[in-house]
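Chain and residue survey
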Amino acid sequence: MKQPLKTNNQKAWEVVHAHTYQSGGAALPAWGVHAVGREHTDKLLTITGNRILEIGCGRGESVPYVLTKNPKQYVGVDFSKTALEQARQTYHTPITTFVQADMNKKMLFPDALFEEIFSIYGFGWSRNIPKTLSEIYRLLKPGGRFTFSWDHYLASCVEEKNGNIM
């Protein structure tokens with residue numbers, strides 16, 4: 001059952017990215033329905049001087065923001081070949097790399113390579129969250145940070161009041 005799910009999901013994203021897909025603002029600096037804006041992003045990510053991995057980078061919409069923070073290296077992973085080709089064409093720089101990878105499997109990076117890993121609306125597509133978290137932990141340097149956002153069906157039942165989620 002898991003292989004058809006992966007195959008169908010991957011095929012669906014290839015079709016989406018082959019057309020004029022735009023996230024509509026899901027990229028940095030917006031983080032979910034309750035924390036929107038650059039001030040939140042600046043608190044969540046350090047970026048400057050760090051090796052950064054983005055899981056589920058899609059077409060690379062977060063890259064312009066990341067590059068303003070002067071990372072040592074930015075690596076975006078996604079399993080859509082079409083999205084990655086678009087990202088490579090749009091954001092070709094000496095410090096950006098885009099790699100096809102499945103977050104549910106071991107990625108071809110050495111242990112403890114990244115100071116920061118983030119995922120905007122990508123991590124929630126994991127078919128095996130414990131396995132994905134284990135891989136993220138393997139890739140993070142000691143003291144590194146993983147930051148992610150994901151919409152949830154309960155989001156419509158939640159609101160922010162005075163900085164608290166209610």
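Just so we're clear, the structure is a prediction, and the values are computed from it rather than from any experiment.

1. Concerning the confidence of the model for the protein chain
- Predicted confidence across the protein chain gives a mean pLDDT of 81, with 70% of residues reaching 70 or more.
- A low-confidence stretch, residues 20–27 stays under pLDDT 50, and its non-local contacts, those more than four residues away or across chains, total 13 contacts.
- Counting contacts from residues 31–35, a segment whose pLDDT is below 50, to residues more than four positions away or on other chains yields 23 contacts.

2. So, the side chain of T96
- Relative to the helices and strands, T96 is located in strand β5 (residues 96–100).
- Looking at T96, its side chain comes within polar contact range of the main-chain oxygen of Y91, at 2.7 Å.
- A distance of 3.0 Å separates a polar atom in the side chain of T96 from a polar atom in the side chain of T93.

3. So, helix α5 (residues 129–139)
- Within the span of α5, buried status applies to T132, E135, I136, R138 and L139. One face of α5 carries all of its buried residues, which in axial projection span an arc of 160°. Relative to its buried face, α5 has exposed residues pointing more than 90 degrees away, namely P130 and Y137.
- As for α5, its buried residues are in contact with β3 (51–55), β6 (114–120) and β7 (140–149).
- You can read the cap of α5 off the contacts: a side-chain oxygen lies 3.1 Å from the backbone nitrogen of K131, and it is on N128.

4. Focus on the sheet that holds β3
- The strand order across the open sheet formed by five strands is β5-β4-β3-β6-β7, and the pairing between neighbours is parallel. Each edge of the sheet is formed by a strand with only one pairing partner; in this case those strands are β5 and β7. Ignoring strand direction, the axes of neighbouring strands in this sheet form an average angle of 20°.
- The pairing of β6 with β7 spans six bridges and is parallel. Counted as the bridge partner of F118 is T147 from β7.
- Helix α4 (residues 81–90) rests against β4 (73–78) and β5 of the sheet, and its axis sits at about 170° to β5.
- Each of β3, β6 and β7 touches α5; the most contacted strand, β7, lies at about 135° to it.

5. Describing the packing of aromatic side chains
- Counting across every chain of the model gives five aromatic pairs.
- Ring centres 4.7 Å apart and planes at 55° place the aromatic pair F123 and F148 in the tilted group. On the criterion of sequence distance, the pair formed by F123 in the loop between β6 and α5 and F148 in strand β7 is long-range, its members being 25 residues apart.
- What links up through ring pairs into an aromatic cluster is the set F123, F146 and F148.

Conventions we followed
Residues numbered from 1 in each chain as written. Predicted model: local features only at pLDDT ≥ 70, side-chain atom pairs only at ≥ 80, totals over all residues. Heavy atoms only, no water. pLDDT = per-residue confidence, 0-100. Contact = heavy atoms within 4.5 Å. Helix = DSSP H or I, 4+ residues; strand = E, 2+ residues; numbered from the N terminus. Polar contact = N/O pair within 3.5 Å; in protein donor to acceptor, adjacent residues only side chain to side chain. Buried < 20%, exposed > 50% of the residue type's maximum accessible area, 1.4 Å probe, protein only. Arc of directions from axis to C-beta. Pairing = 2+ DSSP bridges. Axes fitted to C-alpha atoms, helices over the stretch in contact; angles between N-to-C directions. Phe/Tyr/Trp six-rings, centres within 6.5 Å; stacked < 30°, edge-to-face > 60°.

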